[in-house]
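Chain by chain, the residues run as shown.
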Amino acid sequence: HLGTALSLRERIVSYEDFGTDASRHAKNLADLFPYQQNFILCVDDRIDVWSKDPHVIMARSYEFWKDGVDINNSSGQSYNKEQNIGRDNDRFLGCLGRLLSQIHEQYYQAVSEDESKANVVHCVRKCRKSILAGHTICFAGSSSNVVTPQSSLVLLVEALGGKVVHSVEQCSVCIVLGKENDLVQKARESDKFCTSMQWVTDSAL
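Residues numbered from 1 in each chain as written. Predicted model: local features only at pLDDT ≥ 70, side-chain atom pairs only at ≥ 80, totals over all residues. Heavy atoms only, no water.

Peer 1: Teacher, can you tell me more about the environment of Pro 54 here?
Peer 2: Its place among the elements puts Pro 54 in the loop between β1 (42-44) and β2 (56-58). What makes Pro 54 partly exposed here is its relative accessible area of 40%. Between the C-alpha atom of Pro 54 and that of Leu 41, which follows or precedes it by 13 residues, the distance is 8.7 Å. The contact partners of Pro 54, leaving out residues within four places of it in the chain, are Val 121 and Arg 125. (Helix = DSSP H or I, 4+ residues; strand = E, 2+ residues; numbered from the N terminus. Buried < 20%, exposed > 50% of the residue type's maximum accessible area, 1.4 Å probe, protein only. Contact = heavy atoms within 4.5 Å.)

Peer 1: Would you mind showing me how to read the side chain of His 55 here?
Peer 2: Secondary-structure assignment places His 55 in the loop between β1 and β2. A distance of 3.2 Å separates the side chain of His 55 from the backbone oxygen of Gln 37, its partner in a polar contact. Ignoring sequence-local partners within four residues, the contact set of His 55 consists of Leu 29, Gln 37, Asn 38, Ile 40, Leu 41, Cys 42, Asn 119, Val 120 and Val 121. (Polar contact = N/O pair within 3.5 Å; in protein donor to acceptor, adjacent residues only side chain to side chain.)

Peer 1: Is there a simple way to think about the packing of aromatic side chains in this case?
Peer 2: Each pair of aromatic rings is reported with the distance of its centres and the angle of its planes. According to the stated counting rule, one finds two aromatic pairs in the structure shown. When the ring of Tyr 107 is compared with that of Tyr 108, the centres are 5.1 Å apart and the planes differ by 90°; the resulting orientation is edge-to-face. Seen from their ring centres, Phe 193 and Trp 199 are 5.3 Å apart, and the 70° between their planes marks the pair as edge-to-face. According to the relative accessible area criterion, Phe 193 is partly exposed, its value standing at 40%. For Trp 199, a relative accessible area of 29% corresponds to the partly exposed category. (Phe/Tyr/Trp six-rings, centres within 6.5 Å; stacked < 30°, edge-to-face > 60°.)

Peer 1: What should I look at first to understand the confidence of the model for the protein in this one?
Peer 2: The predicted coordinates should not be examined in detail at positions where pLDDT is low. Averaged over all residues, the pLDDT of the protein is 76; the fraction at 70 or higher stands at 70%. Taken as a whole, residues 1-5 scores under 50 in pLDDT and shows four contacts with residues more than four places along the chain or in a different chain. Throughout residues 73-88 the model reports pLDDT below 50, and contacts reaching past four residues in sequence, or to other chains, amount to 25 contacts. (pLDDT = per-residue confidence, 0-100.)

Peer 1: Help me out: how do you make sense of the pairing of strand β6 (residues 193-196) in this one?
Peer 2: Where strand β5 (residues 173-176) lies against β6, four bridges are found, and the strand directions are parallel. Of the residues in β6, the one forming a bridge with Val 173 is Phe 193. Between β5 and its parallel partner β6, the chain crosses via helix α6 (residues 182-189), and the hand of that crossover is right-handed. (Pairing = 2+ DSSP bridges. Right-handed = clockwise from strand over helix to strand, strands pointing away.)

In structure tokens:
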């Protein structure tokens, strides 16, 4: 019970807890676990409030109310409670649960081998590296010219174990950015798997 569990209440940190201090207007694991974080993993639907902490896995927001909006939406619009249709076809939580189970298993395997070297971040990176392992990725579409070797899109693909290539002929997966163009059409004619960047970000959790 939060009313009596003082030690627990002191560990609840809100995005606004740091007031107007812009440099600290973010959640920080050290505020919750000040002594050690190597075995801590967080799941949040907003990764921006954690300053890209590697201990945080981004989860997709779950919209229970039909036509609902994010509770953090600055528009101030509220959920339409007249249309409270539960969306039970969302499989994201099941995928997330399997990923967390894999990380849990790998972490305690590392503990059994050498507890001093066990770190949950290493386990997360290892699991993520297997997602696109063996796949070659190219970017095509009207907005593909914005992709650079250091862009977040390329870094995400590489973090998931994929290899970015620069021709449709070499790729196994074609990521369509913006409107489809001749390169996308060429990829489809070559029976390449064409999809959106959303597919990659969903895979990354």
